[in-house]
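Spelled out, the chains give:
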Amino acid sequence: GAVVSQHPSRVICKSGTSVKIECRSLDFQATTMFWYRQFPKQSLMLMATSNEGSKATYEQGVEKDKFLINHASLTLSTLTVTSAHPEDSSFYICSATRNDRAGYEQYFGPGTRLTVT
Amino acid sequence: QKEVEQDPGPLSVPEGAIVSLNCTYSNSAFQYFMWYRQYSRKGPELLMYTYSSGNKEDGRFTAQVDKSSKYISLFIRDSQPSDSATYLCAMKGNTPLVFGKGTRLSVIA
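Residues numbered from 1 in each chain as written. Chains lettered and ligands numbered in written order. Predicted model: local features only at pLDDT ≥ 70, side-chain atom pairs only at ≥ 80, totals over all residues. Heavy atoms only, no water.

With the rule as written, the count across this model stands at 2 disulfides over all chains. A sulfur-sulfur distance of 2.0 Å marks the disulfide that ties Cys-23 of chain A to Cys-94 of chain A. Looking along the S-S bond of the Cys-23 of chain A-Cys-94 of chain A disulfide, the torsion reads about 80 degrees, which is the right-handed sense. On the criterion of sequence distance, the pair formed by Cys-23 of chain A in strand β3 (residues 19-25) and Cys-94 of chain A in strand β9 (residues 90-98) is long-range, its members being 71 residues apart. Disulfide pairing places Cys-23 of chain B opposite Cys-89 of chain B at an S-S distance of 2.0 Å. Judged by the torsion about the S-S bond (-100 degrees), the Cys-23 of chain B/Cys-89 of chain B disulfide is left-handed. Within this pair, whereas Cys-23 of chain B is found in strand β3 (residues 19-25), its partner Cys-89 of chain B is found in strand β9 (residues 85-92), the two being separated by 66 residues in sequence. The burial state of Cys-23 of chain B is the same as that of Cys-89 of chain B; both residues are buried. (Disulfide = S-S within 2.5 Å. Helix = DSSP H or I, 4+ residues; strand = E, 2+ residues; numbered from the N terminus. Buried < 20%, exposed > 50% of the residue type's maximum accessible area, 1.4 Å probe, protein only.)

Structure, rendered in structure tokens:
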């Protein structure tokens, strides 16, 4: 299988601070990584798509300056929530597609639960 | 109309039952169809994927795609309590995956 990890799994931060979430593909090189957020009992909402070495492509309505995405290598992407507010509290999930497979196979990380107080 | 429609349930069945989960969609450009299983507070796990129309079987799971009706299904045979989870359909063409809302399934022992 293809394993994607996320760190941290859970984070609590104060309003106004920034939080960084890491997403790693452990046993494969990722062509593309995706960041989603999921509210309780809701589906996954795509926030942005990133390719290694390129700027991320953000979905409509997602603030680029608030959700900073860096895809520094073929195995690591980071999402930084800047100046977090309580409404940013959510479950953030990353996924990755493999270089050696068709792009429709996306492998998801375990998610990061962010709580902003 | 949303691109992907999925009944959120919840769906509760006795152990051993056959479960049928479904999604409809509106975008005829979708070609790849996936089913993900998501346990509470975990990331989704890819269960099945199908390209275009047809059936695909993997153990107790069968995925069906009917592109003419824009309708996809996932069948679970001999359901087990460990199958209790939320099942999300997802599909794509040349665009990123679009997910259904997910159906919450409970299999009662």
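Let us now look at the nonpolar core. Phe-67 and Leu-114 of chain A are the most contacted members of the largest nonpolar core, which totals 27 residues. Among the elements of the structure, β2 (10-13), β3, β4 (30-38), β5 (44-51), β7 (67-73), β8 (76-81), β9 and β11 (112-116) of chain A are those that each provide at least two residues to this core. Setting aside chain neighbours within four positions, we find Phe-67 of chain A in contact with Arg-37, Met-47, Tyr-58, Val-62, Leu-79, Thr-80, Val-81, Asp-88 and Tyr-92 of chain A. Residues Val-19, Phe-30, Trp-35 and Leu-47 of chain B belong to the second largest nonpolar core, which totals 25 residues. (Core = buried A, V, L, I, M, F, W, Y, C linked by side-chain atoms within 4.5 Å. Contact = heavy atoms within 4.5 Å.)

All names here are of chain B. Only one face of β3 is covered, namely the one carrying Val-19, Leu-21, Cys-23 and Tyr-25; the face carrying Ser-20, Asn-22 and Thr-24 has none of its residues buried. As defined by bridge partners, strand β1 (residues 4-5) adjoins β3 across 2 bridges and the pair is classed as antiparallel. Across the sheet, Glu-5 pairs through a bridge with Thr-24, a residue of β3. Where β3 meets strand β8 (residues 71-76), 6 bridges bridge the pair, whose relative direction is antiparallel. Looking at β8, one finds that Asn-22 is bridged to Ser-73. (Pairing = 2+ DSSP bridges.)

Distances and angles like these do not, on their own, reveal function.
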